[in-house]
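Observations on chain architecture
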Amino acid sequence: MSDNFENEPTEDEEESFADLFESFDGDTSEDLQVGDRVKGEIIAIGMDTVFVNTGAKIDGAVDKVELLDDNGEFPYGIGDLLELYVVAFDENEMRLSRAFTGVGGLNLLQDAHKGRVPVEGKVKELCKGGFNVTVMGRRAFCPVSQIDAAYVESPEDYVGQTFLFLITRLEENGRNIVISRRRLLEEAQEKAKKAFLDTLAVGSVASGRVANLMPYGAFVELFPGIEGMVHISELGWSRVETPEDVLKKGDPVTVKIIGMEEGKKPGQLKIALSIKQISGDPWETEAPKFRAGEQVKGKVTRLTGFGAFVEIAPGIEGLVHISEMSYTRRVARPEDVVAPGEIVTVTIKDVNLESRRISLSLRDAEGDPWSDIEEKYTPGQPAGGTVEKKEKFGVFITIAPGVTGLMPRSKISQSAQAAEIDRLKVGDPISFVIEEVHADTRRITLAPTGGEETSDWKAYSKPQPAALGSLGEKLKEAMKSLK
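Residues numbered from 1 in each chain as written. Predicted model: local features only at pLDDT ≥ 70, side-chain atom pairs only at ≥ 80, totals over all residues. Heavy atoms only, no water.

Overview of the overall build of the chain
Test applied: Only DSSP runs of H or I covering at least 4 residues are called helices, and only runs of E covering at least 2 are called strands; the numbering of each starts at the N terminus. Under the scheme applied here, a residue whose accessible area is under 20% of the maximum for its type counts as buried, over 50% as exposed, and between as partly exposed, the area being computed with a 1.4 Å probe on protein chains only. In this analysis, two residues are considered to be in contact whenever any of their non-hydrogen atoms come within 4.5 Å of each other. Where accessible areas are quoted, they stem from the Shrake-Rupley method and a 1.4 Å probe; at the residue level, only the protein chains shown are allowed to cover.
Scanning the chain for helices and strands turns up nine helices and 25 strands. Out of the 483 residues in the chain, the part that is buried amounts to 34%. For the chain, contacts bridging at least 24 residues in sequence account for 55% of all contacts bridging at least 6. Split by element, the accessible area of the chain, about 30000 Å² in all, is 50% carbon and sulfur.

Concerning the environment of Arg 169
Along the chain, Arg 169 turns up in strand E9 (residues 162–171). On the basis of relative accessible area, Arg 169 is assigned to the partly exposed category, the value being 41%. Placed ten residues apart in sequence, Arg 169 and Ile 179 show a C-alpha to C-alpha distance of 6.9 Å. Dropping the residues within four chain positions of it, Arg 169 is found in contact with His 113, Asn 176, Ile 177 and Val 178.

Remarks on the pattern of salt bridges
How we decide: Criterion for a salt bridge: a side-chain nitrogen of Lys or Arg within 4 Å of a carboxyl oxygen of Asp or Glu.
Following the criterion strictly, the structure yields 25 salt bridges and no others. The residue Arg 209 makes a salt bridge to Glu 221 at a minimum N-O spacing of 2.9 Å. Taken together, the residues Arg 209 in strand E11 (residues 205–214) and Glu 221 in strand E12 (residues 217–223) connect sequence positions twelve residues apart. The class for Arg 209 is partly exposed, based on a relative accessible area of 35%. Residue Glu 221 is classed as partly exposed on the basis of its relative accessible area, which comes to 23%. In this structure, Glu 286 and Lys 289 form a salt bridge, with 3.2 Å as the shortest nitrogen-oxygen distance. Glu 286 sits in the partly exposed class, given a relative accessible area of 31%. Look at Lys 289 and you get exposed, because its relative accessible area is 54%. Look at the salt bridges and you will find they share partners, linking Glu 324, Lys 349, Arg 363 and Asp 364 into a network.

Observations concerning the pairing of strand E25 (residues 443–448)
To keep things clear, this is the line we draw: DSSP-based pairing: two strands are paired if at least 2 bridges between them are found.
Extensive coverage of E25 is indicated by the burial of five of its six residues. In this structure, strand E24 (residues 429–438) lies alongside E25, joined through six bridges in antiparallel fashion. The partner of Glu 436 across the bridge, within E25, is Thr 445. Hairpin connection between E24 and E25: a loop of four residues separates the two successive antiparallel strands, and Arg 442 in this loop has a positive phi of roughly 55 degrees.

Focus: the sheet that holds strand E20 (residues 357–361)
To be explicit about the condition: Under this scheme, a helix contributes an axis fitted over its contacting stretch, all axes are lines through C-alpha atoms, and angles between N-to-C directions fall in the 0 to 180 degree range.
If you walk around this closed barrel you meet the five strands as E16-E17-E18-E20-E19, and the pairing is mixed. Each strand of the sheet is rotated relative to its neighbour by a mean of 50 degrees, with strand direction disregarded. As paired elements, strand E16 (residues 295–304) and strand E17 (residues 307–313) share five bridges and run antiparallel to each other. In the strand pairing of E17, Val 300 is matched with Val 310.

Quick look at the nonpolar core
Test applied: By nonpolar core is meant a set of buried Ala, Val, Leu, Ile, Met, Phe, Trp, Tyr and Cys residues that side-chain atoms within 4.5 Å join together.
Of all hydrophobic cores here, the largest spans 21 residues; its most connected members are Val 133, Val 135, Ile 147, Phe 165, Ile 167 and Ile 179. Sorting the residues of this core by element identifies helix H2 (106–115), strand E6 (119–127), strand E7 (130–135), strand E8 (138–143), E9 and strand E10 (176–180) as the ones contributing at least two each. Per element, the largest residue contribution to this core is four residues, and it comes from E9. Not counting residues within four places of it along the chain, the set of residues in contact with Ile 179 comprises Val 133, Val 135, Ala 140, Phe 141, Cys 142, Pro 143, Gln 146, Phe 165, Leu 166, Ile 167 and Thr 168.

Observations concerning the pairing of strand E4 (residues 81–89)
Two faces belong to every sheet, and in a regular strand the side chains alternate between them. As judged from the five bridges shared by strand E1 (residues 37–45) and E4, these two strands associate in the antiparallel manner. Bridging from a neighbouring strand, Arg 37 pairs with Tyr 85 of E4. If you look at the hairpin formed by E4 and strand E5 (residues 94–97), you'll find four residues sitting between the two strands.

Focus: the confidence of the model for the chain
Where we set the bar: pLDDT gives the predictor's per-residue confidence on a scale running from 0 to 100.
Confidence along the chain averages 83 in pLDDT terms, with 85% of residues attaining 70 or more. pLDDT under 50 marks residues 1–9. Its contacts with residues more than four places away, or in other chains, come to two contacts.

As for the side chain of Ser 274
How we decide: Distance and chemistry together define a polar contact, namely a pair of N or O atoms within 3.5 Å, with one atom able to donate a hydrogen and the other to accept it when in protein, and with adjacent residues in sequence counting only for side-chain atoms on both sides.
Within the secondary structure, Ser 274 sits in strand E15 (residues 269–274). Relative accessible area serves as the criterion here: at 0%, Ser 274 is assigned to the buried category. In terms of polar contacts, Ser 274 uses its side chain to reach the backbone amide nitrogen of Lys 276, at 3.5 Å. A polar atom in the side chain of Ser 274 sits 3.1 Å from the backbone nitrogen of Gln 277.

So, in structure tokens, the structure goes:
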């Protein structure tokens, strides 16, 4: 009885299975040809060569120098994926590269043209309409519009440089070769744009550069070929009149994505950005610090018919009502007192965080002239002022800036100076006596000077001669007898 199991493979069967496996493994490389684009994983990194597993029986090898970045650094590690082109292939070796380089025959050029494989070329000189470029030992032509994805201002800057190109036309057995670098750049940009867009989401933060300024906002380039707009209302928490006040073209900025939606054109994406939302809302971070009664400095931002708005912190405005502009004069228009852009000192009267309103006062910051009025003026005290306004019931007189008293008509009519007072005009000086002071109601009653004598009419009668006495009488009679 045999010790082998019934289903155990024989030696011949094992050899047959090995052959089949090897044949299967080899099939993965049969379809690869020079010019094919492959994607593989880095499995080893040597001093000069990087080895890549492309799934073929033979691992691919690429010169390490081809993979260095703009700073000359090697940015990859084991396990990273690369996309390369097959530039040489046989049973023993598969050479990979980012492009066809060196001197090659017509077959290589045709493969590159057909497979859209990049070729390396050195810009030799300027010519009519473009550049003469050496590609794999042959002369090729690159139109000036195809040397870069951006507008070319100085074509001579490209002479002497080496780039990757796509062959767009190959005719006359290689005697007529037209190439384009722009197509490669645009393809790379599209891939990079897609990868970048995949990272964007509402609420994310990105860096960019101011590309253009318009009256309604600023366009910011987030990535080559990708722009978003910052509306003027999102440029800052402070009021912005024009974008030019806070930005200029080329400025680097940090922005927050606040909206993304499809545009009217196919494939168009509208990205709404905000600069102010990068920082916190000042009504939540700064406004709670303000207290009623506190004096602060601020900038007048705008005027309305009912008052002036003053910014007391970036993004925080308060209102000075027209009635709070001055104690010393009657204000008919806010522009008679302040102007936009002016720095003023104000007193905070009220802070309402829920409604985001702060009431301010200019006149309280300057001081209330009625606060010590009873110490300055007492009943019976003579004083002077100017006529402010004349009414049927009396004359208003300015005693001091912000302090007006009333001389009632009943007081004037009892005065010997009534006619003189009636002839006075607005602005004329006048003397008076303080009669009553009521600080709580802000009222002062005045009386004409000498008014205390008008009630005693005898004080204004003609004086009588004094008596001469007995001796005087006798002398008087003697004088009469002499006549």
